[in-house]
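Report on the structure
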Amino acid sequence: MSEDTVLKVNKLKKEFGGLVAVKDVSFEIKSGEFVGLIGPNGCGKSTTFNCISGLLKQTSGEIEAFSTDISHMRPDQIQKLGFTRTFQHTRLWRQMTVIENLMVPPRKQYSPNILTSLFMPKSRPNEKTRLSNAYDALDQLEVPHMAHNLASELSGGQSKLVDIGRSLMGDPKLLLLDEPVAGVAGPLAMKIFNNLRRIVDETGISILIIEHNMDFILRQGVDRIIVMNEGEVLMVGTPDEVRNNREVIEAYLGE
Ligand SMILES: Nc1ncnc2c1ncn2[C@@H]1O[C@H](COP(=O)(O)OP(=O)(O)OP(=O)(O)O)[C@@H](O)[C@H]1O
Ligand SMILES: [Mg+2]
């Protein structure tokens, strides 16, 4: 694993009973890269994320991060290496404000549970830093005005933004975002991608983002795109390479 590789997935396979959700997935993410992961419904994108973040144990294959074998690590151990993730279905605490949502300690990000999150005593000493980080996250996403809105008052797109803000808390090195703009109106979706691009360029973190719309991802300034189909990687390339790949054209864009 070369020094600037933050994540290396090698021959990942995940079966659920008789169903092979992920057959053979290999790719690498480098430091400071913004990479899209795309593929049709059910092709294994979220399952790949769940294996990387330790929520699911893979059937076979290896996952390395920051030169450490994380294949058998628990989600909290993986998180400590500098991973954060969002889920396909956003879960905010609806009766709390945006800033309060950001303040909920991340230790439960893999299985949100309001009681354990709120009453975890170790969160207390860091409260001031977390508050300042929360405002920074909203600044980075250009939505500081939302700080005191109730989560229940937010639109779907705004909720997704808060979820991304939550994933930025605590200085992540690698963000895994599962369809953060699904169902979000075009202009806001583009704004979210622009902000993510800027965050990558300014901070040098890496982002792997799942998106289901090929046309859209090709125009959003990602460095590379991993194209999945039926549990396998069809190709990895720059947006231009993907746009001109015959197999991809046939499978996704139609000719
Ligand atoms: N926990 C699970 N138990 C059983 N089958 C599962 C489980 N999670 C996913 N699957 C199945 O594995 C396959 C891949 O699912 P996955 O959610 O990874 O796809 P996806 O690419 O994220 O799809 P989508 O675009 O709809 O989000 C699907 O057939 C799905 O039904
Ligand atoms: Mg999914």
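Computed from a predicted structure; not experimentally measured. (Residues numbered from 1 in each chain as written. Chains lettered and ligands numbered in written order. Predicted model: local features only at pLDDT ≥ 70, side-chain atom pairs only at ≥ 80, totals over all residues.)

Core analysis: the biggest nonpolar cluster contains 65 residues, and Leu37, Leu174, Leu176, Ile192 and Ile207 have the highest contact counts within it. No other element matches helix α7 (residues 186–203), which puts 5 residues into this core. Not counting the four nearest positions on each side in its chain, Ile207 is found in contact with Phe34, Leu175, Leu177, Leu196 and Val200. (Core = buried A, V, L, I, M, F, W, Y, C linked by C-beta atoms within 7 Å. Buried ≥ 20, exposed ≤ 12 C-beta atoms within 10 Å, placed from the backbone. Helix = DSSP H or I, 4+ residues; strand = E, 2+ residues; numbered from the N terminus. Contact = placed C-beta atoms within 7 Å.)

This paragraph deals with α7. Its 18 residues place the ends of α7 26 Å apart at the C-alpha level, agreeing with the 26 Å of an ideal helix rising 1.5 Å per residue. For α7, the complete set of buried residues consists of Ala189, Ile192, Phe193, Leu196 and Val200. Taken around the axis of α7, the buried residues stretch over an arc of 95 degrees, which confines them to a single face. More than 90 degrees from the buried face of α7, the exposed residues found are Pro187, Asp201 and Glu202. Where α7 is buried, its residues meet β3 (34–38), α6 (156–168) and β8 (206–211). (Expected span 1.5 Å × (residues − 1). Arc of directions from axis to C-beta.)

Here we come to helix α1 (residues 45–52). With 7 of 8 residues buried, α1 is to be regarded as a mostly interior element. Every buried residue of α1 is accounted for by Lys45, Thr47, Thr48, Phe49, Asn50, Cys51 and Ile52. Note on α1: the residue one or two positions beyond its end, Gly54, has a positive phi of about 85 degrees.

In this section: the site of ligand 1. Around ligand 1, 13 residues are found, and the nearest of them are Phe16, Ala21, Lys45, Ser46 and Thr47. Every element with two or more residues in the shell around ligand 1 is listed here: β2 (19–30) and α1. Grouping the amino acids of the shell around ligand 1 by side-chain chemistry returns 4 nonpolar, 8 polar and 1 charged. (Near = placed C-beta within 6 Å. Nonpolar A, V, L, I, M, F, W, Y, C, P; charged D, E, K, R; others polar.)

Looking now at the pairing of β3. With 5 of its 5 residues buried, β3 lies for the most part within the structure. Covered by surrounding structure in β3 are Phe34, Gly36 and Ile38 together with Val35 and Leu37, the residues of both alternating faces. Sheet analysis places β3 next to β8, joined by 5 bridges and oriented parallel. What sits directly across from Gly36, in β8, is Ile209. As paired elements, β3 and strand β9 (residues 224–229) share 4 bridges and run parallel to each other. Pairing of Gly36 across the sheet is with Ile225, part of β9. (Pairing = 2+ DSSP bridges.)

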